[in-house]
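Overview (structure and organization)
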Amino acid sequence: SWIGAQGTTLGADNGLGVAAALALLGDESRPLPPIEALFTVDEETGLNGAAKLDAEALGLTGSTMLNLDMEEWGDLFVGCAGGGDSTVTIPIQRKVLSSSLSKLLEIRVEGLMGGHSGLNIHEGRANAVILCAAAAQSALEAGEPGSAALVSICGGDKHNAIPREASAVLALYPSTRDTIEASVRASAKAAADEFGLLEKGLRIHIKDVSDSKPGTQLDEASASRLLSVLLALPHGPIKYSHALPGLVETSNNLASISMTADSDDATILCSSRSSIGTALERTRDMISSVAFLAGGSVVKSEAYPGWAPNPKSDILDVSKRLLAKRINEEPGVNAVHAGLECGLLIEKLGGNIDVISFGPTITGAHSPDERVDADTVLPFYELVTDILAEYAAKK
């Protein structure tokens, strides 16, 4: 009963939602309330269509919204996270690399699962940037003062992904290598003790650096300050929802650290999410506080709003009852800790709007592996018509 495409995405996400809305507009055989069919563009690339929506210009007045853009038939979705990025800049002081620090080693963290910074943030997956910072800090503290120095640290590359890899380059006395290596082994063991049951591919190790010798190193205070910031910034779930137990309400992903050779600052990217706008900004304020304590600065992107679950929602009550009749069991009621158009649309439509989101079963969206379970398409459409018929009767 699965339908896919060859060599391209099927487009069931969200072609089936569009098809359902178009079918309703031409369906004169069923009782329907007044309908406003809203089609947006560029949802997948950044919610751009919803962000530019002018509800007044379009004359939109509806107070209940069916968002036909989910992929798990049998479940109803009642919330999503909003989000915003924070770019932290930490100033660093460099000095000419001491000639006695003639050995270069790279601490590498690799083989982690990574994953989506919203959908996987609750699973306790390891963050390569944090593990690398911890290993580098321990290595620098293991030797005699001045026997090792931080040259660079980098890791992570996408704001919405948990970092899978990171590395730090150290310059050290040749005689200190054994001490540093022992420290890194200890860090690897500590990480394996904490994450090894989940992170099967986790590896922390050192390798010799044979490239040309860098000209500078971070001074001791800058290295300590930068690594401390990386270890102090929040990462992972910050608060769980009281409306839907088990749902992450607010989180932060320490997404990346980057610096160029001989640069006088380091750039750290954090991606924060919450279904509650004030909680999102409080999380970003936490990030700013850590940065300011280290003498750094922060630039915040414009946040997009979330959609907080409403257990007293009328459309939820109606949808649960009608869906239960169709599937002969209690439907799931969920929210996603990721961005949907719903948060933006609620804001654009004035805030006082009751929303539910559901759809047929789709797997592999956004890829050539996308498939739709054809057996769920008609029940999905019939649920839409059931809900609308009930609201038509209320009118």
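Up top is the structure.
Anyway, here's the lowdown on the structure attached to this text. None of these values were measured; they are calculated from a predicted model.

1. Some words on the environment of Ser 98
- Note on placement: Ser 98 falls in the loop between β5 (94-96) and β6 (103-110).
- Classification of Ser 98 by relative accessible area gives partly exposed; the value is 29%.
- Considered as a pair, Ser 98 and Thr 216 are 118 residues apart in the sequence and their alpha carbons are 8.2 Å apart.
- Not counting the four nearest positions on each side in its chain, Ser 98 is found in contact with Lys 213 and Gln 217.
- One polar contact links Ser 98 to Ser 100, side chain to side chain, over a distance of 2.8 Å.

2. Side note on helix α7 (residues 277-293)
- Between its terminal C-alpha atoms α7 stretches 25 Å, which fits the 24 Å expected from 17 residues at 1.5 Å a residue.
- Listed in full, the buried residues belonging to α7 are Ala 279, Leu 280, Thr 283, Arg 284, Ile 287, Ser 288, Val 290 and Ala 291.
- Backbone geometry just downstream of α7 places Gly 295 in the positive-phi region, at approximately 80°.

3. Details of the pairing of strand β13 (residues 265-274)
- Burial of β13 is extensive: 8 of the 10 residues sit out of reach of the surface.
- Examined bridge by bridge, strand β4 (residues 82-91) and β13 share 10 bridges and lie antiparallel to one another. Bridge pairing in β13 links Ile 90 to Ala 266.
- Where strand β12 (residues 248-258) and β13 come together, 8 bridges link them in antiparallel fashion. When the bridges of β13 are listed, Ser 256 appears paired with Leu 269.
- From the end of β12 to the start of β13, which pair antiparallel, there are 6 residues, and Asp 262 there has a positive phi angle of about 65°.

4. Description of the nonpolar core
- Counting 49 residues, the largest nonpolar core has Ile 107, Leu 131, Ile 153, Ile 204, Leu 226, Leu 230 and Ile 268 as the members making the most contacts within it.
- In terms of residues, this core owes the most to one element, helix α4 (residues 128-142), which gives 8 residues.
- Leave out the neighbours within four places in its chain, and Ile 107 touches Cys 132, Ala 135, Ala 136, Ala 139, Ala 166, Ser 167, Ala 168, Leu 170, Val 184, Ile 204, His 205 and Ile 206.
- Formed by 24 residues, the second largest nonpolar core is a distinct cluster that contains Ala 20, Leu 68, Ile 327 and Leu 388.

5. Thoughts on the side chain of Asp 373
- Note that Asp 373 resides in strand β18 (residues 371-373).
- No salt bridge is formed by the buried Asp 373, whose closest oppositely charged neighbour, Arg 371, lies at an N-O distance of 8.6 Å.
- Of note is the side chain of Asp 373, whose polar atom sits 2.9 Å from the side chain of Ser 1.
- Beyond its immediate stretch of four places on either side in the chain, Asp 373 contacts Ser 1, Trp 2 and Thr 361.

6. Things to note about α4
- With 15 residues, α4 extends 21 Å from end C-alpha to end C-alpha; this agrees with the ideal 21 Å at 1.5 Å per step.
- Burial in α4 covers these residues: Ala 128, Val 129, Leu 131, Cys 132, Ala 133, Ala 135, Ala 136 and Ala 139.
- A side-chain oxygen of the first residue of α4 lies 2.9 Å from the backbone nitrogen of Val 129; this N-cap is Asn 127.

7. Remarks on the sheet that holds β18
- Spatial strand order, β1-β18-β17: 3 strands in an open sheet with antiparallel pairing. One side of each edge strand has no neighbouring strand; the edge strands of this open sheet are β1 (2-4) and β17 (362-363).
- In terms of strand pairing, β1 meets β18 through 3 bridges, oriented antiparallel. Residue pairing in the sheet places Gly 4 in a bridge with Arg 371 of β18.

Cut-offs and rules
Residues numbered from 1 in each chain as written. Predicted model: local features only at pLDDT ≥ 70, side-chain atom pairs only at ≥ 80, totals over all residues. Heavy atoms only, no water. Helix = DSSP H or I, 4+ residues; strand = E, 2+ residues; numbered from the N terminus. Buried < 20%, exposed > 50% of the residue type's maximum accessible area, 1.4 Å probe, protein only. Contact = heavy atoms within 4.5 Å. Polar contact = N/O pair within 3.5 Å; in protein donor to acceptor, adjacent residues only side chain to side chain. Expected span 1.5 Å × (residues − 1). Pairing = 2+ DSSP bridges. Core = buried A, V, L, I, M, F, W, Y, C linked by side-chain atoms within 4.5 Å. Lys, Arg positive; Asp, Glu negative; His and termini not counted. Salt bridge = Lys/Arg side-chain N within 4 Å of Asp/Glu carboxyl O.

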